[in-house]
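Analysis of the macromolecular model
What follows is the residue order along each chain.
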Amino acid sequence: MYNSSDDETSPRDKQQKNSKGNGDFCIKNIKQADFGRREIEIAEQEMPALMALRKRAQGEKPLAGAKVVGCTHITAQTAVLMETLSALGAQCRWAACNIYSTQNEVAAALAEGGFSVFAWKGESEDDFWWCIDRCVNVEGWQPNMILDDGGDLTHWIYKKYPNMFKKIKGIVEESVTGVHRLYQLSKAGKLCVPAMNVNDSVTKQKFDNLYCCRESILDGLKRTTDVMFGGKQVVVCGYGEVGKGCCAALKAMGSIVYVTEIDPICALQACMDGFRLVKLNEVIRQVDIVITCTGNKNVVVREYLDRMKNGCIVCNMGHSNTEIDVASLRTPELTWERVRSQVDHVIWPDGKRIVLLAEGRLLNLSCSTVPTFVLSITATTQALALIELYNAPEGRYKQDVYLLPKKMDEYVASLHLPTFDAHLTELTDEQAKYLGLNKNGPFKPNYYRYENLVWIVFEVVKEIIFECLMPA
């Protein structure tokens, strides 16, 4: 059966218009719009907070006059965010932050709905930057807000159109890579506008990074390789929230999990959670799967790739595609063999091969899907950060990087509680006075660390029950 998404014609060579005659977009195939609309409608059911935000704030139009240029994964969940921003008064132009994660049918639905979207699955590097430029460089339209995932859009504007920052009110960044770039700019005194660090907000770290990756790592590996996890030796590079989620999922499936880490605090957490802390060179010859999730560069270099066992699966769960040194594998003596979509065998002269997933790019969004409900939490946080920066009075935020106010983190969480028919306990006046709190929050100081104690208790109780049930 012919699938139009397999059409090899570059979207840049096509002239497409939606049903209203608008052609200010560049996607794979506008004819997929109806299918994409159904995908978006499914996502809406699992994104209660954004839908509630639309309903509560639509009359006020808190983003009226906002011109948001975005560079994120273009999925059904992102589409719900974009349509929410539009309902709140914003105009949006969008590109993809990853060349493999775009859902073509969703991009088509957005284009049919009047959004200026420039993205398709399988872009080249040149296409990637061309799409970003088409979002930014348009006559008669200049952005005044940036929503970025990875920092590429912000970097492009700094490099090509620095004068645009005279009218830009703020940047909202969601990834560790992009936040790192912003802090570098701030430290060098080159950050021209306030920026909101969504990645380190409680709702992003403790829900998206942890719970999302705990589920999607297994989905991505299973869809691409059909691997059996029980008994497999896996090394996870990095024990931040993403690494914690990956390790917990793999351990629960019976894998033997090793962890590499540079931070002694995260390293101690890994040890206390029952994982063996190692250096990568100590286990690289024996492991069956290598997973990077550090946000760093050159974590897995050619030396390690050369020493891997035959059939080793190599993949990345961090945002950046620099963690695995894929460029070092594109040499004449190595043969690349495409097995299926996003799965390559890289074959050495002696016949050894490794299985490389998504060419070292983000596994879950390139090769599978991610839980919509968790993305609802992050998307709502992004929307509120945009509203906050856009409406902030002059002087509230300087040219620096800020965390989302604690009150907003709590608001995002509260919007998701009705899904579980959850009922919050309210403080009495006496209790609030005793704790020195406002009855309506915020309930924790900024330095408070939200640890996953419930998950730890659950694991302990599970082990106790298992031991009790075992015959003497």
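Since this is a predicted model, take the numbers as computed values, not measurements.

Brief notes about the sheet that holds strand S15 (residues 401–403)
What the 7 strands build is an open sheet, ordered S3-S2-S1-S4-S5-S6-S15; its pairing is parallel. Each end of this open sheet is capped by a strand with a single partner; those strands are strand S3 (116–118) and S15. Within this sheet the neighbouring strands show an average axis-to-axis angle of 20°, counted without direction. Strand direction decides the pairing type here: strand S4 (residues 145–148) and strand S5 (residues 170–173), joined by 4 bridges, are parallel. Looking across to S5, one finds that Met145 is bridged to Gly170. Along the sheet, helix H7 (residues 176–187) makes contact with S5, strand S6 (195–197) and S15, crossing S5 at roughly 145°.

Considering the packing of helix H2 (residues 48–57) against helix H3 (residues 76–87)
Viewed as axis vectors pointing N to C, H2 and H3 meet at an angle of 10°, and their least axial separation amounts to 9 Å. In terms of their interaxial angle, H2 and H3 are classed as roughly parallel. Contact residues: H2 offers Leu50, Met51 and Arg54, while H3 offers Val80, Leu81, Glu83, Thr84 and Ala87. Taken together, the residues of the contact of H2 with H3 break down into 5 nonpolar, 1 polar and 2 charged.

Re the domain arrangement of the chain
What the domain assignment lists for the chain is domain 1 (11–204 + 370–414) and domain 2 (211–367). Summarising the inter-unit geometry, the C-alpha centres of domain 1 and domain 2 are found 29 Å apart. Put simply, domain 1 and domain 2 have 1 salt bridge between them. Here domain 1 is connected to domain 2 by 3 residue pairs in polar contact (both at pLDDT 80 or more). In the side of domain 1 that touches domain 2, the residues fall into 7 nonpolar, 7 polar and 3 charged.

Some thoughts on the pattern of salt bridges
Counted under the stated rule, the structure contains 19 salt bridges. One salt bridge connects Lys309 with Asp288, and the closest N-O pair in it is separated by 3.0 Å. A residue pair is termed long-range when its members are at least 10 positions apart, and Lys309 in the loop between helix H12 (302–307) and strand S11 (313–316) and Asp288 in the loop between helix H11 (280–283) and strand S10 (289–292) qualify at 21 residues. On the basis of relative accessible area, Asp288 is assigned to the buried category, the value being 17%.

Comments concerning the pairing of strand S1 (residues 67–72)
For a regular strand, the rule is simple: side chains alternate between the two faces of the sheet. Across the 6 residues of S1, 5 count as buried, placing the element largely inside the fold. Pairing of S1 with strand S2 (residues 91–96) involves 6 bridges; the strand directions are parallel. Opposite Lys67, over in S2, you have Gln91 as the bridge partner. Here 4 bridges tie S1 to S4, and the two strands are oriented parallel to one another. Its bridge partner lying in S4, Cys71 is registered against Asp148.

About the cut-offs
Residues numbered from 1 in each chain as written. Predicted model: local features only at pLDDT ≥ 70, side-chain atom pairs only at ≥ 80, totals over all residues. Heavy atoms only, no water. Pairing = 2+ DSSP bridges. Helix = DSSP H or I, 4+ residues; strand = E, 2+ residues; numbered from the N terminus. Axes fitted to C-alpha atoms, helices over the stretch in contact; angles between N-to-C directions. Contact = heavy atoms within 4.5 Å. Parallel < 35°, antiparallel > 145°, perpendicular 65-115°, else oblique. Nonpolar A, V, L, I, M, F, W, Y, C, P; charged D, E, K, R; others polar. Domains from an automatic or database assignment. Salt bridge = Lys/Arg side-chain N within 4 Å of Asp/Glu carboxyl O. Polar contact = N/O pair within 3.5 Å; in protein donor to acceptor, adjacent residues only side chain to side chain. Buried < 20%, exposed > 50% of the residue type's maximum accessible area, 1.4 Å probe, protein only.

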